[in-house]
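Here are the chains, one letter per residue:
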Amino acid sequence: MSDNKSFQDLFHAHDDHLHGEPTSFISKYIISYDHKVIAKQFLFFGLFWAFVGAFMSVLIRWALAFPGKAFPIVGSLLFPHTDGVIPPDAYTMLFTMHGTIMIFFAITPILIGTLGNFCIPLMIGARDMLFPWLNMASFWMTFAGGVVMFASLFVPLGASAVGWTSYPTLAHAQWSPGWGHSLWIISIFLMGNASIMGAINYIATIIRLRAPGLTAAKLPLTIWGLLLTAVLNALFIPVLAAGLLLLLMDRMFGTSFYLAAAISQNGTQGDPILYQHLFWIFGHPEVYIIILPAWGMVSDFLSFFSRKPAFGAKWTAGAFISITLLSTVVYGHHMFTTGMSPLLTGAFTTLTLLISIPSGIFFLNWLGTLWRGNIQFTSPMLFSLGVVITFGIGGLTGLHLGAVPTNLLLHNSYFVVGHFHLTMAVASLLGTYAAVYFWFPKMFGKMLSEKLAKIHFWTSFLPIMVIFVGMMVAGYAGMHRRIYNPYEYTYLEHLLFLNRYISLAAFLAFASQFIFLFNFFYSWKKGEVAGSNPWKVGTLEWTTPTPVPVHNFDVIPEVFNGPHEFSHPKLGDSRDWISQTEYLEGISTPV
Amino acid sequence: MNQKLVRILLSLVFLMSFGSMANDREMLNKQHPEADQLQVHTLGQRPEYGGESFLERYGPPENITEHGGHFDDVFAYVSWGVLIFFLAVVFGVVGFGWMYRSKPGRKAFYTTGLAEKKFTMVLDILFFITMDCYLIYFSVYDTKRFLMTVPQGPEVVEIQVMPQQWVWNFRYKGADGVFNTPDDIVTVNEMWVPNGKQVSLQIKSKDVIHGFMVPNVRRQVDAIPGQVSRIWFKPIKDGTYEIACMHLCGTAHYKMKGFMKVVDESDYQNWSREMSEWSAAKYDPDDARTHWGWQWGI
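Computed from a predicted structure; not experimentally measured.

Draft legend 1. Structural detail: the sheet that holds strand β5 (residues 199–203) of chain B. Residue and element names in this part refer to chain B. Reading across the sheet, the five strands line up as β3-β2-β1-β5-β8 and stay open at both edges, with mixed pairing between neighbours. With one partner strand each, in any of the chains shown, β3 (185–188) and β8 (229–233) form the two edges of the open sheet. With direction set aside, neighbouring strand axes in the sheet form an average angle of 25 degrees. With four bridges connecting them, strand β2 (residues 167–172) and β3 associate as antiparallel partners. Bridging across to β3, phenylalanine 170 finds its partner in threonine 187.

Draft legend 2. A look at the pairing of strand β7 (residues 219–223) of chain B. Residues and elements named next belong to chain B. A large share of β7 lies buried, amounting to five of its five residues. As paired elements, strand β6 (residues 210–214) and β7 share five bridges and run antiparallel to each other. What sits directly across from methionine 213, in β7, is glutamine 220. Counting the residues that bridge the hairpin from β6 to β7 gives four residues, and of these arginine 218 lies at a positive phi of roughly 75 degrees.

Draft legend 3. Quick peek at a nonpolar patch on the surface. Residue and element names in this part refer to chain A. Judged by side-chain polarity, Phe25, Ile26, Tyr29, Ile30, Ile31, Tyr33 and Trp133 come together as a nonpolar surface patch covering roughly 720 Å² of accessible area. Here the nonpolar patch gets four residues from one element, more than from any other, and that element is helix α2 (residues 25–30). In this structure, isoleucine 31 sits in the loop between α2 and α3 (35–65). The class for isoleucine 31 is partly exposed, based on a relative accessible area of 36%.

Draft legend 4. Local environment of the interface of chain B and chain A. With 100 residues of chain B at the contact, the number on the chain A side is 102 residues. Buried surface at the junction of chain B and chain A, summed over both partners, amounts to about 9,300 Å²; 68% is from carbon and sulfur atoms. At the junction of chain B and chain A, the tally comes to zero salt bridges. Scanning the region where chain B abuts chain A turns up 21 residue pairs in polar contact (both at pLDDT 80 or more). Those elements giving two or more residues to the side of chain B that touches chain A turn out to be α1 (2–19), α2 (21–31), α4 (54–57), α5 (68–99), α6 (117–148), β7 and β9 (239–245) of chain B. Broken down by element, the side of chain B that touches chain A gets its largest block of residues, 17 residues, from α6 of chain B. Taken together, the residues of the side of chain B that touches chain A sort by class into 54 nonpolar, 24 polar and 22 charged.

What counts, and where the lines are drawn
- Residues numbered from 1 in each chain as written.
- Chains lettered and ligands numbered in written order.
- Predicted model: local features only at pLDDT ≥ 70, side-chain atom pairs only at ≥ 80, totals over all residues.
- Heavy atoms only, no water.
- Pairing = 2+ DSSP bridges.
- Helix = DSSP H or I, 4+ residues; strand = E, 2+ residues; numbered from the N terminus.
- Axes fitted to C-alpha atoms, helices over the stretch in contact; angles between N-to-C directions.
- Buried < 20%, exposed > 50% of the residue type's maximum accessible area, 1.4 Å probe, protein only.
- Patch = residues over 30% accessible without salt bridge, like charges linked within 9 Å, V, L, I, M, F, W, Y side chains within 5 Å.
- Areas by Shrake-Rupley, 256 points an atom, 1.4 Å probe, with all protein chains shown as cover.
- Salt bridge = Lys/Arg side-chain N within 4 Å of Asp/Glu carboxyl O.
- Contact = heavy atoms within 4.5 Å.
- Buried area = accessible area lost by both parts, 1.4 Å probe.
- Polar contact = N/O pair within 3.5 Å; in protein donor to acceptor, adjacent residues only side chain to side chain.
- Nonpolar A, V, L, I, M, F, W, Y, C, P; charged D, E, K, R; others polar.

What follows is the structure, encoded as structure tokens:
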């Protein structure tokens, strides 16, 4: 730690005169080096794309619920050639772009970009990220990726239409011609680079810039989640980048890395399965990249609002670490149907199911945190409990898909769609909302309306359960994914009824997000002014004044307590929390 | 006032769903008139809405193979287990949330260290044994039983399948028992198999990746260009069943539907003989599109 301390003094001594208070509009809001401003940039970028992606899901659900009917109001503007009916090629583009946008341009920027940038320096007692320039570059490269992706929606022959997994050989120029998919690859490439920059920055910052006394055991679980996410990002995005680069060369320069000899133009032998390996080596850790920060935050929030220490916090962190390790060696369960060697399927099944052990540990720790607590149902707490429930059912149904017999039955069905939405989409979305409701007072200095937040929660959570549990039912009934009109198959005709209810729930959930948007912008302007510590929580970010000054901490704090020291018996009745920076005899450990 | 509002809203939702249901049925039937000709909707499928329990209505299509029921059993076991553990989570969240909700004067119980870990460990081990070990056992066991040993012998009906955008091509050996000869039977979108015989398929895609599945058979395999995939099963019930493409393969993926006709042994032999003779008679050496077979091999 002493080494750390001197390093930090050195760094911040420079930092103080390197960039003081920015003065011009551009240096303050556009090319900003301040992690708090970059966090907000990521937030608005992510909100824009989340709206686009969510609207696409509404179109998708419309096509499934009302096949052959014109989409109301804006349909004739979007699809003029078919009088507002969503045509099959547009449908294919819609679900491709919905998946891509939600994963890479909505959840990643908000959950990792915004909350990572905002929380890491504030929660570890640093004045900024270790590499502020890299941080700025990371946002603007993400932005460039967003611009390319947006442009790809308007090119001739349309946007990418091969599914977010972008499997060759469908992704080759012969079967998906035009610029759409090439731009898609370039955009993901840019986005991936931005993620690597961010990841390196997060890892370096968390390792080097922790305040004195902030040992691993005293680190909030949020930071643990963000750290492990960054590690996975730094390790596995390069694999995706390599896979996509080869695909781009196949598309544009006539190579045949992924083309079998029979169909390649130059007769050399490639293999489409190679791409699937490269993609899922990245793709399976990616779901943990997206969910780990949410797990960390939920673990913290459950403790904060039960007003008691996080149950078995060390074991929770240990469970996160072991899941991170396991997540790197289980990707094969995405490929059981490709004719994989039967020896490998058994190994991948075993490794996949082993994930349930650490998952069980942190799940029970979450319930243990609630046990005998003093639970306050604030909006972050409600959303956190929502994560526990949605991830509960989503994670458990992973058993069906990890095992070979049921995987052969359910692969590529709506069961999979329901499962992965509940785990990595909905659970991380609700986790993101919990985090935004929790840190909004620190970010913008105002409180969000609790009443609207609760309406938002219930009108999102209940429809979400209907949507995705309904999808799992449809999947077991045989409905396969990515089909424009399931009712082409007679054995799926009776699912129209179910699909219609799922869609109605989806429209309700979409509408409910406008409550959040209204709450966000209204409270930003006219909300109740938040104090510096409205939730009465002891982590370091709440020791700073609100609004947070550019350099966060006038004096780098010294940390004496863990992040979850609530209701300590020695505290007496006057209050139930201690700041991490308070030194109380008998409770704290000296630096 | 509130009750009235709720009632109006609920009836609107129901009207939206049911009101247009009749039209949709007509529209759906118009969309694929060929279904009427082939009479698929009467074979192995379920009747109109109503008269069934929820589980019956939303279960998968009828199982028609010897071992298909096993997949349903594993699914059922896992699903009940998942349901029990999920209910435990829900009771934990809702129950603790209710029991320990904030009240004036309540102070939370301060926990630290690992004193209460035993409960966690016991539950975790229980979960591991009941769910994980069961599934790992069946994954390995089923792999051995269904995926390792390709059925062979004169009794086995061997078929080569080559999907392309957006059609299923099937090839039978014909009378001479060898693939890639003039008497091969080549069909499009229609696969005939005899009832009660082991059927073994080799699948290779012509262009993009497709997925072969007959939902009534309960198993699927990907069709990949440049690589032979295998699947085998024993149908035990006559009827016409739909073959679905499970893998996104382009714009018309949703229309890539084939039919599997399970017929009596004698009917199959007649059909096979007639078709083989007809193929040999009509064989055109210049029609390159029909010469796509490969050596069977193992």
